[in-house]
Amino acid sequence: ASGPFTHPNSSSSSFTLVGIPSLEASPTCLGILFFSGYVVTLAGNGLVLVVIGVDKSLRDPLHCLLGMLATIDLVMVTSVVPKMLSIFWLRSTEIGSAACFLQMFLVHSMTSAESGVLLAMAVDRYVAVCHPLRYQTLLGPSTIARMGLAIVVRALLFMVPLMGLVTRLPYCRSHLVSHSYCEHLAVAKLACADPGPSSTYSVATSSLIVGMDVALIATSYGMILKAVLGKECPWKALSTCGCHLCVMLLYYVPGVVSIYAQLGGGLSVRDQVLLADLYLTLPTMLNPIVYSMRTKQIRRAVLKVL
């Protein structure tokens, strides 16, 4: 217990990331797969941010929220994929404790922030469909700015206590993390003290955030359905919600499956890690594609920039 992992904040402590357990024999193929997804993610989300910044007609609330979503996706995937590629291609598996905890903070705070943005998008769709004449008044720039601030503050309030619980644990056991990034449950298992409080806090707050956001999103769509049913061309009004529904399913379904697969233990460690990696990389890659294909304004702006 006197080794460097007794004091995880010391400069001499570090962790070793396995990558994807039992798939260490095919690092080149895995690297190509995740590198390709990373390039598509950077290009897609970067292009969305460029067209929103250049085209003044895309300054409405929905596109501001879309810009926030693209920024979150870029931060989240960049905090994970470059290190994964160094594991697969350069065999650079070691990560310092400070870098590990920073990666953990970025990944989990961004997932919380993305859920908040999806909730804000649901509010935007509710106002656009149910109160179209008051859309610009209810969702002005100051309202969107307050929404963004609330999303960031909530993510910090969730992550700061969790980081305090995880970093205070004494890491005097094996330093081998059976994951391709510093996922907090995988790191906490290495502690020589009881990681139960941090795991309980993480599961409870994650379930609360996701449960609350999903309930509010479902409520907004219930009010949208109530408002459009019985009117002429209800599908035209509902079609404006299609992009948000697709992105929401891409985010929540794999996320919930990934979290509870780790807790339930029904899947092998390899499958759990693969599911977690795909949860972080696949939605960030597909989100801009979904919006580019289904939103005429974004599609026209992208073609104009290109």
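If you're wondering where the values come from, they're calculated on a predicted model, not measured in any experiment. (Residues numbered from 1 in each chain as written. Predicted model: local features only at pLDDT ≥ 70, side-chain atom pairs only at ≥ 80, totals over all residues. Heavy atoms only, no water.)

A few points about the state of the cysteines
Cut-off, in case you're wondering: Any two cysteine sulfur atoms within 2.5 Å of one another count as a disulfide. Secondary structure counts use DSSP, requiring at least four H or I residues in a row for a helix and at least two E residues in a row for a strand, with both numbered from the N terminus. Only protein chains enter the accessibility calculation, which uses a 1.4 Å probe; a residue whose area is less than 20% of its type maximum is buried, one above 50% is exposed, and one in between is partly exposed.
With the rule as written, the count across this model stands at one disulfide. Between the sulfur atoms of Cys100 and its disulfide mate Cys182 the distance is 2.0 Å. Between Cys100 and Cys182, the disulfide has an S-S torsion of -120° and is therefore left-handed. Taken together, the residues Cys100 in helix H4 (residues 97-130) and Cys182 in the loop between strand S3 (176-177) and helix H7 (184-188) connect sequence positions 82 residues apart. Note on Cys100: relative accessible area 0%, which makes it buried.

Examining a nonpolar patch on the surface
Keep this limit in mind: Patch membership needs two things, relative accessible area over 30% and no salt bridge, and members are linked within 9 Å if like-charged or within 5 Å if nonpolar (Val, Leu, Ile, Met, Phe, Trp, Tyr). For the accessible areas, the method is Shrake-Rupley and the probe is 1.4 Å, while residue cover comes only from the protein chains on display. Whenever Lys or Arg places a side-chain nitrogen within 4 Å of a carboxyl oxygen from Asp or Glu, that contact is recorded as a salt bridge.
The grouping of Ile32, Phe35, Val39, Trp89 and Leu90 at the surface amounts to a nonpolar patch, some 490 Å² of accessible area in total. Those elements that provide at least two residues to the nonpolar patch are helix H1 (27-54) and helix H3 (81-90). Considering each element in turn, the nonpolar patch owes the most residues, three residues, to H1. Judged by relative accessible area, Leu90 falls into the exposed class, the value being 64%.

Considering the side chain of Asp55
Quick reminder of the rule: In this tally, Asp and Glu contribute negative charge and Lys and Arg positive charge; neither His nor the terminal groups of the chain are included. Here a polar contact is taken to be a pair of N or O atoms separated by no more than 3.5 Å, where protein atoms must pair a possible hydrogen donor with a possible acceptor and residues adjacent in sequence count only if both atoms sit in side chains.
With respect to the helices and strands, the residue Asp55 is situated in the loop between H1 and helix H2 (61-78). Look at Asp55: it is buried, it has no salt bridge, and the nearest opposite charge is Lys304 at 5.1 Å. Here Ser57 takes part through its side chain, which lies 2.6 Å from a polar atom of the side chain of Asp55.

Here's the deal with the sheet that holds strand S1 (residues 14-17)
Heads up, the condition is: A pair of strands counts as paired when DSSP detects no fewer than two bridges linking them. In this analysis, two residues are considered to be in contact whenever any of their non-hydrogen atoms come within 4.5 Å of each other. To define axes, lines are fitted to C-alpha atoms, for helices over the stretch in contact only, and angles between the resulting N-to-C directions are given on a 0 to 180 degree scale.
Pairing is mixed in the open sheet, where three strands are placed in the order S2-S1-S3. Two strands bound the open sheet, and with one partner strand each, they are strand S2 (94-96) and S3. The pairing of S1 with S3 spans two bridges and is classified as parallel. Across the sheet, the residue bridging to Thr16 is Leu176, located in S3. Across the sheet, H4 touches S1 and S2, and the angle it forms with S2 is around 85°.

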